[in-house]
Amino acid sequence: MKTAETTSKTPARRMLREAVLVAVIGVLGAAGLVARPFSGAVADMLWLAATVVALVPAAVWVCQDLRRGRYGADLLALVALVGAAAVGEYFAGALIALMVATGRVLEAYAGRRAGRDLSALLGRAPMQAHQRRAGGIETVAATEISPGDVVVVLPGETVPVDGVLAVAGVFDESALTGESVPVVRRVSTEVRSGVVNAGAAVDIRASATVEESTYAGIVTLARQAAATVAPTARLADRVAVWFLPLALVIAGLAWILTRDPVRAVAVVVTATPCPLLLAVPVAITAGMSRAARAGVVVKDGAALETLGHARCLAMDKTGTVTVGRPAVIDIVTAPSADADRVLRQAAAVEQFSPHVLANAVTAAATARGLEPDAAQDVSEQPGLGATGTVDGHRVQVGRLPSRTEPAPWAQAAQRRARLDLAVLVWVCVDDVPMAALLVRDRIRADAARTMRRLRSAGLRRLLLLTGDRVDNAAEVAHLLGLTEVVADADPADKIAAIRAERGDGVTVMVGDGVNDAPALAVADVGVALGSRGSTAAVQAADAVIVDDRIDRLADAVEVAQRAHRLAVQSAVAGMTLSLAAMIAAAFGLLVPAAGALVQEGIDIVVILNALRALRIHRGRRTAEIDPLVARFAREHDRLQTARASVRQAADALSRGPGPSADAAVRRAFDLLVEHILPHEHAEESQLYPALADYLRDPEAMVTMSREHTEIERLVDRIRRHLDDSPHGIRADQIDDLRATLYGLDAVLTLHFAQEDEALFTLARNPADNSATSPA
């Protein structure tokens, strides 16, 4: 197996070899020009030497092609070199030699440019790891690390395996995501192999072996990508099969009709199909490089070219268009309970549980800035939940005890969960239900924008293939504007759906789980999310999104389409110009030397045009708005408590006037005034002007600004209600105050979702604000 070092050095050595060939031919050709005024014989000898220098490697290239059962540009170049030498056109032979050698250098350079990003991935694969053992820290081979081992990652080192942080750390993820800003990861959060420790030394408890880690699948794909020739190059050879005989026929006719062998040589000289045989693979390989820099590793040129023809996209739901982690979307409490206190108690118990819903509870407490209380005697019963003692109270988190008769507020919570398609996590204190946490997965913030971009790119059908139940899948599909849903699907159902779609056009499958691997393999192009995707999915896919952003898929499709367009454009333009030059040479309008110069110019132009695939336009730089976007996205997370208090206050009023309802409304008003309104004012004065300037549209933020005005109007209406009832809310205020609070909750929910989707996904490095709407 090739090592990363060998793979990365091969293009460089080839380019050096070809550059030496160009230098030798160039020196001989230039020396001939210098000698020409003094001695024509010496000049001819120097030019003949240049021709012979090119003849040897050209013959080797032809033999290599013939052994593979094909022939193409190298054979035509060899014919041109022999012809020029045979008829005494030594200067033309020298120009042909320079043309051939220069083309090889351009090809080698393009291959090195295109492979650089992939080689960087290969070269960064860590070979050793520092394992913490009883006797201290020992350096071992990375392959010896097993799940559960504690690995010490020193400053500047690459994380060797996937794991969980024992302490907070700072990591440079630019090699995987392209983002230059270091990312802070908190205690007990996951960290991926392949990222670089940009802070102090950290301990990571391995959750997988090297072979099973995130980076392993990406490295495997990168090795394949670095060693694979774009299949369109073989297509170019097939075209050369008819182009070479055509060139020889034209040359032969020119010779027969004019009895001038020089014209035949001129035709052959101008007929070298370098635009086809160089520009096409250069464009496709450059597209692979551009996709890698955009965060998508593509296995080979065939996958990239096929992706550019995609007409149907099938997607898994959980972890692909949704975040893949359940999250607490709301808290419904008993009339006498405080939501923050109950959540703190629940998190105290759940922080010891590995259950996925336990992670949702602890994450909700962290998002609200709540420090879990200390818990003792924690135990867990599978299927029922966890129980522990917190501040002398017995706290149970999980299912509602079967013997418990739900109170009216609990019945309302159950009804709300059915309407919201959410799961309920009950919190009981001393065997009394005190709160119900509504938990569900949420749609990625960048999912809707990605679907719009894909439709704009020409994809006609967008399918959701999921094992989830129909109602959940249908809601997600509706929110994202997808055309069809296949729910309750097992791997066999997904394969059948993919095969059915392939009959109508190129079909792409996107997924991240083990159950998606068969569908990824059967699709025309399989795309896996590599950040949390299974190794099976990564290995079955043709391309891997290396970070956790689904919008990379739209980037890859746009890159693929542009690379294919440039490949075809370069090939068609180059071959057309070559054919025109052949005809001109046949009529005597181009002598061999001039034909060689013309062909060299054509080659350079089309190859440089193909290299434009490395420079895909992605809009204006976002560096000036990135800090603002990241700041306000983080504030959205911190404002969850204030937003939730509005709905909780409205729900409290449903039970009529009283001290608890009055306290809930006043608490919500205080949070709105202290947190929500300052946030909206700061957006209006700082973020929106910057975004309007970035978008070059002074009216771009008008709709958002109008929502700010409505939010402030509704908050002011609540204030007037409270001013009218300083000693407690009256019965005659209930209806209007509830309507105002529910209306404000709806406006805030819509407004925050719009900002998350339309504004906060504009930046290259948005905050970890990956979900908006419930899924």
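This text gives an overview of the structure that appears in the document.

This paragraph deals with the overall build of the protein. When you go through the protein residue by residue, the secondary structure sums to 26 helices and 24 strands. Contacts in the protein between residues at least 24 apart in sequence constitute 71% of all its contacts with a sequence separation of at least 6. For the protein, the exposed area adds up to about 32,900 Å²; of that, 58% sits on carbon and sulfur atoms.

Turning next to the pattern of salt bridges. Applying the stated criterion to the full structure yields 28 salt bridges. With a closest N to O distance of 3.3 Å, Arg667 and Asp340 form a salt bridge. You can see Arg667 sitting in helix α24 (residues 659–695) and its partner Asp340 sitting in helix α12 (residues 339–350), a full 327 residues away along the chain. Judged by its relative accessible area of 28%, Arg667 is partly exposed. Of the charged contacts in the structure, one is a salt bridge between Arg453 and Asp555, with a shortest N-O distance of 2.6 Å. Separated by 102 residues along the polypeptide, Arg453 in helix α15 (residues 447–456) and Asp555 in helix α20 (residues 551–586) bring together distant segments of the chain.

Strand order in the open sheet formed by 6 strands is β2-β1-β3-β9-β4-β7, with antiparallel pairing between adjacent strands. Where the open sheet ends on each side, the last strands, each with one partner, are β2 (136–141) and β7 (190–191).

This part takes up the packing of helix α23 (residues 640–653) against α24. Running from amino to carboxyl end, α23 crosses α24 at an angle of 155 degrees, the nearest separation of the two axes being 8 Å. When the axis of α23 is compared with that of α24, the two are roughly antiparallel. Here the hand of the crossing between α23 and α24 comes out left-handed. Across the interface between the two elements, Thr641, Ala642, Arg643, Ser645, Val646, Gln648, Ala649, Ala652 and Leu653 of α23 pack against Ala661, Ala664, Val665, Arg667, Ala668, Leu671, Leu672, His675 and Ile676 of α24. Looking at the contact of α23 with α24, its residues break down into 12 nonpolar, 4 polar and 2 charged.

We now examine helix α22 (residues 626–638). Structurally, the α-helix is built with 3.6 residues per turn, so residues lying three or four positions apart point the same way. For α22, spanning 13 residues, the distance from its first C-alpha to its last is 19 Å, which sits close to the expected 18 Å at 1.5 Å a residue. For α22, the set of buried residues is Asp626, Leu628, Val629, Ala630, Phe632, Ala633, Glu635 and His636. Residues of α22 that are buried in the fold lie against α23, α24 and α26 (734–759).

Together, Trp242, Leu246, Leu579, Ile583, Phe587 and Leu589 line one region of the surface with nonpolar side chains, adding up to about 630 Å² of accessible area. Of all the secondary structure elements, the ones that give two or more residues to the nonpolar patch are α7 (231–258) and α20.

A few words on the packing of α15 against α20. Across the interface, α15 lies against α20 with an axial gap of 8 Å and an inter-helix angle of 15 degrees. Classified by the angle between their axes, α15 and α20 sit roughly parallel to one another. For the pair α15 and α20, the sense of crossing is left-handed. On α20, the residues touching Thr450, Arg453 and Leu454 of α15 are Asp551, Leu553, Ala554, Asp555, Val557 and Glu558. Across the contact of α15 with α20, the residue classes tally to 4 nonpolar, 1 polar and 4 charged.

Turning our eyes to something else, we now look at the nonpolar core. Formed by 56 residues in total, the largest nonpolar core has its most connected members in Leu313, Leu480 and Val510. Top element by residues in this core is α20. It accounts for 10 residues. Excluding anything up to four places from it in sequence, Leu480 contacts Val321, Ile443, Ala447, Ala448, Met451 and Arg455. The next biggest cluster of nonpolar side chains, apart from the first, holds 39 residues, and it includes Val332, Val342, Met434 and Leu437.

Bringing the environment of Glu712 into the picture now. Looking at where Glu712 falls in the secondary structure, it is placed in helix α25 (residues 702–724). Overall, the relative accessible area of 37% leaves Glu712 in the partly exposed class. Expressed as a C-alpha distance, the spacing of Glu712 and Ile676, which sit 36 residues apart in the sequence, is 9.4 Å. Once residues within four sequence positions are removed from consideration, Glu712 is found in contact with Leu677 and His681.

Let us now look at the packing of aromatic side chains. In the structure shown here, the tally under the stated rule is 2 aromatic pairs. Considering the side-chain rings of Trp47 and Phe91, the 4.8 Å spacing of their centres and the 55 degrees angle between planes classify their relative orientation as tilted. Of this pair, Trp47 sits in helix α2 (residues 40–67) while Phe91 sits in helix α4 (residues 90–123), and the two are 44 residues apart along the sequence. Assessed through its relative accessible area of 5%, Trp47 is described here as buried. Accessibility expressed as a relative area gives 30% for Phe91, which makes it partly exposed.

Criteria and thresholds
Residues numbered from 1 in each chain as written. Predicted model: local features only at pLDDT ≥ 70, side-chain atom pairs only at ≥ 80, totals over all residues. Heavy atoms only, no water. Helix = DSSP H or I, 4+ residues; strand = E, 2+ residues; numbered from the N terminus. Contact = heavy atoms within 4.5 Å. Areas by Shrake-Rupley, 256 points an atom, 1.4 Å probe, with all protein chains shown as cover. Salt bridge = Lys/Arg side-chain N within 4 Å of Asp/Glu carboxyl O. Buried < 20%, exposed > 50% of the residue type's maximum accessible area, 1.4 Å probe, protein only. Pairing = 2+ DSSP bridges. Axes fitted to C-alpha atoms, helices over the stretch in contact; angles between N-to-C directions. Parallel < 35°, antiparallel > 145°, perpendicular 65-115°, else oblique. Left-handed = near helix turned anticlockwise from the far one by under 90°. Nonpolar A, V, L, I, M, F, W, Y, C, P; charged D, E, K, R; others polar. Expected span 1.5 Å × (residues − 1). Patch = residues over 30% accessible without salt bridge, like charges linked within 9 Å, V, L, I, M, F, W, Y side chains within 5 Å. Core = buried A, V, L, I, M, F, W, Y, C linked by side-chain atoms within 4.5 Å. Phe/Tyr/Trp six-rings, centres within 6.5 Å; stacked < 30°, edge-to-face > 60°.

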